[in-house]
Amino acid sequence: MSFVHNSTLVPVMREVLGNSISGNFKPNGFAYQDSLYVSSTCGDRACRRSYNCGLCAISSMKMNRSIMRICEHNLASVSVKGYSWLRCVNMKIPKLSSIYSSSEMVNLVAVSNSVAGNTSVLVSEESEESDCIRKGNDEIDYSDNFMPPWGNLIDQDTDKGTEAESTLQPAVLSTNEDTINETRIHLLDERDEEELSRRILMLSRSSKVRSALELFRSMEYSGIQPNAHACNSLISCLLRKKLLDHAMSVFQFMMRNKISTGHTYTLVLKAVADIQGCDSSLDMFVKLGGFSRENNDFDVIVYNTMISVCGRINNWVETERIWRVMKEKDHHGTEVTYSLLISIFVRCCQNELALDAYREMDQNGIKLRGDTLQAVIGACTKEGKWELALNIFQHMLNRGLKPNRIACNALINSLGKSGEVKLAFKVFEIAKSLGHMPDTYTWNALLNGLYRANQYADAIQLFENIRREQSSQINEHLYNTALMSCQKLGLWDKAVQLLWQLEASELTVSTTSYNLVIGACEVARKPKVALQVYEHMAEQQCAPDTFTYLSIIRSCIWASLWDEVEEILVQVKPDVSLYNAVIHGMCLNGKVESAKKLYMKMRRRGLKPDGKTRALMLQNLRKFPVKRRRYYTRPRR
């Protein structure tokens, strides 16, 4: 777009206008110096306003039917402290349309919206205009307040080549999207791509969004391509202001010109996830060829970004897919990659995948942070791989890392389940030396470890120590573990004592606790004590279950308390397990007739006996005698 200057206009303008301001016009790099005359008799305040202008000498034009006339702006070039930019003086020229023809007016206004000098670009700023008008009498104040709209871009320390961002002057910048949408195009005298890219970079770092975007649009319009670093900085600046649409337009420009980098994709994909959602970001990643086998500009940081995006919504399927594609394209994961993978897989209960990521990380010689190693310990314990968990635990100690209490408890519990009680207590001592006070989970893991190792007496002793020293950490689970040990040893009196202590505490006594005490009485051959506990259980309004009745029935059968057995069968609902247990006991104690009656009653109620019950009944049922057939023989004659 070219600037048209009609030299025939100047004499007529001198006649029409009174006062003058010296101006230097530089359309398309060709300088023309002349004087603009501003009428001092105009009383309209609007004609005394001055504007920063762009690519035009006389830019605004109003159309009144078929007559065209100049209404607002004339251009003046002003130099302040060695820096030049163009200013526009607002004025009204009445009856000017009658002097010039329509074609001459079209040539006069056929220019674009703004001009950029060698060191500045022009942007209209209403606040600066108001300050200029207040100085009065159409006199323009060319002081420091009228710096170029995107500031002084000259480095103070040019020898060192550093960018002194402190020298950037603040600009009146509207972050309103409607204002940003009114981006204007400027004619650029500066053609150096690196210099203009540096200006975009500095404007973006200073968050001068509109000025940076106008300079970018002007470069795009002029066919000048900013470098990738400047575009990335502009995208980052736009995203900080939540201007996603403008950022996407810059991104599309970079894609068209093939200057997009991994940092570009990272910025855009993360912004889309933050503003439009993780699914939108994943769809965009797919459309950009993230899963294709073709080469692209994606680096490991882009894949890390998408893994993090998938982790926000716990999408472990797409996380694994991105991980596999990244390896297929020979991108080696970093510490961030494996930390994200392990964290997401553990959170989604995909422990095998978490361990695969850990093994790959170990093969690549990458050292993870302590929190990630603790997550790996948790994954190992859930999969029963206590040896690997113990090695990682020892590795953390060797590196001077401090495993947290959760990791220590998980390892103690895993060792206890595997029967490695000694190792469990060693880890327990290490945890105490690290400053971790044992909690309820710790004691429960140790008690269960002793119980699984058939060290029932040690479990009861440890429980007593906990009850004396850490009474605040005692709960129902610890009581039940101690009662299970009493049941195994047949310590019915200890079991009853623990039951009274449990009822005296503020803890809830469940059916399981009563069943364990009745089971201890069964092992100790104390049926009457078992019946007392059963009656006490009913008084406490604790509903018995099938295990309660089975234990009571077995105790009564051993003591031949058949009346109590029949009473229990009458009170409870028909249960095939109870009938089978009673029939077994009757057959083993020689009460075959009673067992037969109970068996027939069981079949009438539609209960199906088990194989053992049928076998016992077949062995003990009385066989009916077979009547022999008598044959009549005739005597011989």
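Just so you know, these numbers come straight off a predicted model, no measurement behind them.

> Mind showing me how you'd approach the overall build of the protein here?
Counting secondary structure elements, the protein contains 29 helices and nine strands. Counting all 637 residues of the protein, 48% fall into the buried class. At a minimum sequence separation of 6, the contacts of the protein that also span at least 24 residues come to 65%.

> Is there a simple way to explain the layout of surface pockets in this structure?
Space inside the largest pocket adds up to approximately 280 Å³. Every residue lining the largest pocket is counted, 16 residues in all, and those nearest its centre are Gly-378, Thr-381, Lys-382, Ile-406 and Ala-410. Sorting the residues of the lining of the largest pocket by element identifies helix H15 (370-382) and helix H17 (405-417) as the ones contributing at least two each. Take the lining of the largest pocket: its biggest share by element is seven residues, from H17. Classifying every residue of the lining of the largest pocket by side-chain character gives seven nonpolar, seven polar and two charged.

> Could you clarify how one ought to interpret helix H23 (residues 511-523) in this entry?
Side chains three or four residues apart in an α-helix point the same way, a direct result of the helix having 3.6 residues per turn. Between its first and last C-alpha atoms H23 spans 18 Å; for 13 residues at 1.5 Å apiece the expected length is 18 Å, and the two agree. Counting buried positions along H23 yields 11 of 13 residues, so the element is predominantly enclosed. Listed as buried for H23 are Thr-511, Ser-513, Tyr-514, Asn-515, Leu-516, Val-517, Ile-518, Gly-519, Ala-520, Cys-521 and Glu-522. On its buried face, H23 sits against helix H21 (476-489), helix H22 (492-504), helix H24 (527-539) and helix H25 (546-558). In the stretch just after H23, Arg-525 is the one whose phi turns positive, near 60 degrees.

> Hey, could you run me through unusual backbone geometry in this one?
Excluding glycine, most residues fall at negative phi; most peptide bonds, likewise, are trans. Phi angles above zero are rare outside glycine, and Asn-314 is one such case at about 55 degrees. Residue placement: Asn-314 occurs in the loop between helix H11 (300-312) and helix H12 (316-328). When its relative accessible area of 38% is taken as the criterion, Asn-314 is described as partly exposed. One non-glycine residue with positive phi stands out, namely Asp-330, at about 60 degrees. Relative to the assigned elements, Asp-330 resides in the loop between H12 and helix H13 (335-347).

> What's the story with the nonpolar core in this structure? I'm lost.
Side chains that are nonpolar tend, in soluble globular proteins, to be buried together. Membership of the largest hydrophobic core comes to 147 residues, with the highest contact counts inside it found for Ile-235, Phe-285 and Ile-322. Here this core takes eight residues from helix H7 (residues 228-240), the largest share from any one element. Apart from the residues lying within four places of it in its own chain, the contact partners of Ile-322 are Leu-282, Phe-285, Phe-291, Tyr-303, Met-306, Ile-307 and Cys-310.

Calculation rules
- Residues numbered from 1 in each chain as written.
- Predicted model: local features only at pLDDT ≥ 70, side-chain atom pairs only at ≥ 80, totals over all residues.
- Heavy atoms only, no water.
- Helix = DSSP H or I, 4+ residues; strand = E, 2+ residues; numbered from the N terminus.
- Buried < 20%, exposed > 50% of the residue type's maximum accessible area, 1.4 Å probe, protein only.
- Contact = heavy atoms within 4.5 Å.
- 1 Å grid on protein atoms, 1.4 Å probe; cavity = no way out; pocket = protein on both sides within 12 Å on 5 of 7 lines; lining within 4 Å.
- Points joined across faces, edges and corners; volume = space filled by probe spheres on them.
- Nonpolar A, V, L, I, M, F, W, Y, C, P; charged D, E, K, R; others polar.
- Expected span 1.5 Å × (residues − 1).
- Core = buried A, V, L, I, M, F, W, Y, C linked by side-chain atoms within 4.5 Å.

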